[in-house]
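Residues per chain, in single letters:
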Amino acid sequence: MKVSIIVPVYNVKKYLRKCLDSLVNQTLQDIEIIIVDDGSTDGSGDFVDSYAIYYPSLIKVIHKENGGLMSAWTTGVRASQGDYIGFIDSDDSASLDMYEKLYGYASDYDVDVVISNYLIDGKIKGSHPIAEGKYEGEALNKTIKEHIFPSFYTYGISMSRMPKLYRRNIIIDNLKYTACLSKTFEDRYIMPAAILSAQSIYYTSDAYYNWMMREGSNHSMYKTSLLDDIKRVYNVQHQVVQDKYPALEEKWEEAYMDFIRLYVFRNIIRVKDIQTKIKSAKVLLSDELTRTRLDKYGCRDKSKMFFVIMWAYRLKCPTLLALFSVIASKKG
C-alpha cells in the first residue's frame, strides 16, 4: 500500500460529497481512504458508510465516540497500512492528482516528508519562501528545521498537517506528543515533532489541496479556555524541542509571541461584545507567562497590534487593547 489518506469526520455531511469524490477519483491507484466518524449526529456516519459500500476496496470507515479532531485522526493513523500517510479535513478537497504528485516526489527522492502549498478560493497560499527541491543534512536544519517556529524576522514552516505527505513512521513514532488529545491546536502537537524527526524533506511550490475557510470551524471560534490551550501546546512543543533539537530553545521561547497574536485575533478582535473583549484582554495581560514573554520579546514586533499590546500591558489597561480591537475588526 503506497498511501493511506486519513479523513476525520464530525457533523460535516453537506461538505462530504465534494471531499470524498476528490479522494475516490485520485489518479494514484494504490491507496486506502480511512474515514473516522467521530460520533457525528447529522447523518455523516451513514453518508460515509454509503461510500464505503460503493468503494469497498478503497474506503475503510471507523465509527467512534466523539473525542475531537486529534482523537479522530490519531485513530486513523493507527489503523493505516500505507507506506506514507496523508491527511485531509472533511470540509476540504484535493486535486485529483494530489497524491500521485506527492507520492511521486516521496518515492523519486526517497524523503520522509513532502511539503506543498494549498489553495484558498483558487489562489495559492503558503508560508514557505524556500527553493523547491530536496533538503537533508545541514541544508534541512538551516532552511526548514530552524524555521518551524515563526518569529518577527524569519518565516515559519506551516504547522498544518495538510497539505503534506509523511513516511508512516514519522507520524507513528511521534504520537506520544498527542497523548492529551487536545481539541485545540491539534496540528501543532504533531507537526514540530514530525518535521524535526525527518531526515529528508522535499518541498514543492505547487498547490493541490483546496482549503475551505468557514464560520464555525475551529479556526474561527472564541474559546474561554484558549489561553490554557495555548500554554498546553506550547509546553508540549518545549518537550519536542528538548527531545529532538535543543538548539531551538530560544526560538521556541519567542514563538509564544505568535500565540499572543493568535489569541488577540480569536478572543478579542473577532468578538463582538465589548465587555467580553475587555475580559479577554484582562485574562491575557494578567497571565504570568504572557507578561514574561512580553517583557523579553514584546518590543521586537513593530506591528500596530503589538504597539497597542505593549502600551496596554505597560499601562495595565486592557480596555485600550479592547478598543483597538473594535477598530481592527471594522477594518477587517
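As shown above, the structure is provided for reference.
Residues numbered from 1 in each chain as written. Predicted model: local features only at pLDDT ≥ 70, side-chain atom pairs only at ≥ 80, totals over all residues. Heavy atoms only, no water.

Enquirer: Which residues make up unusual backbone geometry, and what values go with them?
Expert: Cis peptide bonds are those with omega within 30 degrees of zero, and the linkage from Met-162 to Pro-163 qualifies with -5°. In this structure, Leu-181 is a non-glycine residue whose phi angle is positive, near 50°. Residue position: Leu-181 is located in the loop between α6 (168-172) and α7 (186-197). Judged by relative accessible area, Leu-181 falls into the partly exposed class, the value being 37%. Phi is positive for Phe-185, close to 60°, though the residue is something other than glycine. Mapped onto the secondary structure, Phe-185 falls in the loop between α6 and α7. (Helix = DSSP H or I, 4+ residues; strand = E, 2+ residues; numbered from the N terminus. Buried < 20%, exposed > 50% of the residue type's maximum accessible area, 1.4 Å probe, protein only.)

Enquirer: I'd like a description of the pattern of salt bridges, backed by residues and values.
Expert: Evaluated as defined, the whole model comprises 16 salt bridges. Asp-89 is paired through a salt bridge with Arg-161; the nearest N and O atoms lie 3.2 Å apart. Linking Asp-89 in the loop between β4 (84-87) and β5 (93-94) with Arg-161 in the loop between α5 (137-143) and β9 (164-167), this pair joins segments that are 72 residues apart in sequence. A salt bridge links Asp-258 to Arg-188; the nearest nitrogen and oxygen atoms lie 3.7 Å apart. Here Asp-258, found in helix α10 (residues 256-269), pairs with Arg-188, found in helix α7; they are 70 residues apart in sequence, far enough to count as distant. By sharing partners, the salt bridges in this structure join Arg-188, Asp-258, Arg-261 and Asp-301 into a single network. (Salt bridge = Lys/Arg side-chain N within 4 Å of Asp/Glu carboxyl O.)

Enquirer: Break down the environment of Ser-22 for me, with residues and values.
Expert: Topologically, Ser-22 is positioned in helix α1 (residues 13-24). Along the backbone, Ser-22 and Gly-104 are 82 residues apart, and their C-alpha atoms lie at a distance of 18 Å. Setting aside chain neighbours within four positions, we find Ser-22 in contact with Ile-88, Ser-93, Ala-94 and Leu-96. A distance of 3.1 Å separates a polar side-chain atom of Ser-22 from the backbone nitrogen of Ala-94. (Contact = heavy atoms within 4.5 Å. Polar contact = N/O pair within 3.5 Å; in protein donor to acceptor, adjacent residues only side chain to side chain.)

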